[in-house]
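Spelled out, the chains give:
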Amino acid sequence: MKTQMTSKERVLAAMRRQPVDYVPCAPFMNFQPEDQRWGKRWQFPFGPSARETLDYMVGELGTDQVLNAGIGHYPGPGVTSRVWMDGDVIHKTWTTPAGKLHAAVRHDEHWLPGLDVPFFHDYPPSHFVDPWIKTMQDVECLGHILRPPTRDDELARLRFQFAETRKLADRCQVALRAAVGMGLTGAVNMFGPDAAAMCCVAEPELMDAYLEVEHRYNLGAMELALDLGADIINRI
């Protein structure tokens, strides 16, 4: 065992139950994104960028850190989307080879994602007028949208983003983590919490089909994240 390990070495060794020079402490800073901070004072002693966070947490506090990189989803050929507002309701429709996937949310003073109804987001479930997933056809449509990148331009863009994040991780000698998959947590975001719970009891085949679509995406995203050099694969 080394008498002095880097943060990356220490965190990865601890995860593998290997000896470490001391027990790592890697707090996760989950401050609000910009659209949630409108009109509010920034209260952290560092700026909102990953570089500023790392410089303070590693350089000033001396903690270990893990830097995050995302994969995202890349709709397949022939998939388009449209967003519009009707009164106080925001609608979004994806048109896919399997049909249309639609959701709608009630817009009020608590809605922060703007003119959009995002997937896998905490805000829509409390505002749903019409959730994303209701039928087996909705799941089939989602399968055309929830996909890892396959086109050369998509892969090139993602490789560049990972390379830039890797440079920052290497500069601070911290591990690079890719978050992949949300399981039933994601189902709550897509069905709505009540509907997700009821679906598990009344329509388990629908929930199984949804989880299979997400699982197929997860496998492709995990393989890609490892190829891009992620040190940790994290399932939320």
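Residues numbered from 1 in each chain as written. Predicted model: local features only at pLDDT ≥ 70, side-chain atom pairs only at ≥ 80, totals over all residues. Heavy atoms only, no water.

Moving on, we come to the packing of aromatic side chains. Counted according to the given criterion, the structure contains eight aromatic pairs. When the ring of phenylalanine 46 is compared with that of tyrosine 56, the centres are 5.4 Å apart and the planes differ by 35°; the resulting orientation is tilted. Remark: tyrosine 56 occurs in helix H2 (residues 50–60) and phenylalanine 46 occurs in the loop between helix H1 (7–15) and H2; sequence separation between them is ten residues. Overall, the relative accessible area of 7% leaves phenylalanine 46 in the buried class. Centre to centre, the rings of tryptophan 111 and tyrosine 123 are 6.4 Å apart; their planes meet at 85°, and the pair counts as edge-to-face. (Phe/Tyr/Trp six-rings, centres within 6.5 Å; stacked < 30°, edge-to-face > 60°. Helix = DSSP H or I, 4+ residues; strand = E, 2+ residues; numbered from the N terminus. Buried < 20%, exposed > 50% of the residue type's maximum accessible area, 1.4 Å probe, protein only.)

What follows covers the nonpolar core. In this structure, Trp132 and Phe191 are the most contacted members of the largest nonpolar core, which totals 48 residues. Ranked by residue count, the leading element in this core is helix H8 (residues 204–227), at nine residues. Once residues within four sequence positions are removed from consideration, phenylalanine 191 is found in contact with Phe128, Pro131, Ile133, Ala196, Cys199, Leu206, Met207 and Tyr210. In terms of nonpolar packing, the next biggest core, distinct from the first, is built from five residues, Val11, Leu12, Val66 and Ala175 among them. (Core = buried A, V, L, I, M, F, W, Y, C linked by side-chain atoms within 4.5 Å. Contact = heavy atoms within 4.5 Å.)

Right, let's get into the pairing of strand S2 (residues 80–86). With seven bridges connecting them, S2 and strand S3 (residues 89–96) associate as antiparallel partners. The partner of methionine 85 across the bridge, within S3, is isoleucine 90. Taking the residues that link successive antiparallel strands as the turn, the S2-S3 hairpin has two residues, and the phi of glycine 87 there is positive, at about 65°. (Pairing = 2+ DSSP bridges.)

Pairing of S3 with strand S4 (residues 99–106) involves eight bridges; the strand directions are antiparallel. Bridge pairing in S4 places lysine 92 opposite alanine 103. The antiparallel pairing of S3 with S4 creates a hairpin that spans two residues between the two strands. Summarising the sheet, S4 and strand S5 (residues 128–130) pair through two bridges and their orientation is antiparallel. Opposite alanine 104, over in S5, you have aspartate 130 as the bridge partner.

Attention now goes to the pattern of salt bridges. Inspection of the entire model under this criterion finds 15 salt bridges. Across the pair lysine 92 and aspartate 116 runs a salt bridge whose closest N-O atoms are separated by 2.9 Å. One end of the pair, lysine 92, is in strand S3; the other, aspartate 116, is in the loop between S4 and helix H3 (124–127), with 24 residues separating them in the sequence. The exposure class assigned to aspartate 116 is partly exposed, which follows from its relative accessible area of 24%. Notably, a salt bridge pairs arginine 151 with aspartate 153, separated by 2.9 Å at the nearest N-O pair. Overall, arginine 151 belongs to the partly exposed group, its relative accessible area being 45%. The exposure class of aspartate 153 is partly exposed, given its relative accessible area of 36%. Through salt bridges with shared partners, one network takes in Lys8, Arg166, Asp170 and Asp231. (Salt bridge = Lys/Arg side-chain N within 4 Å of Asp/Glu carboxyl O.)

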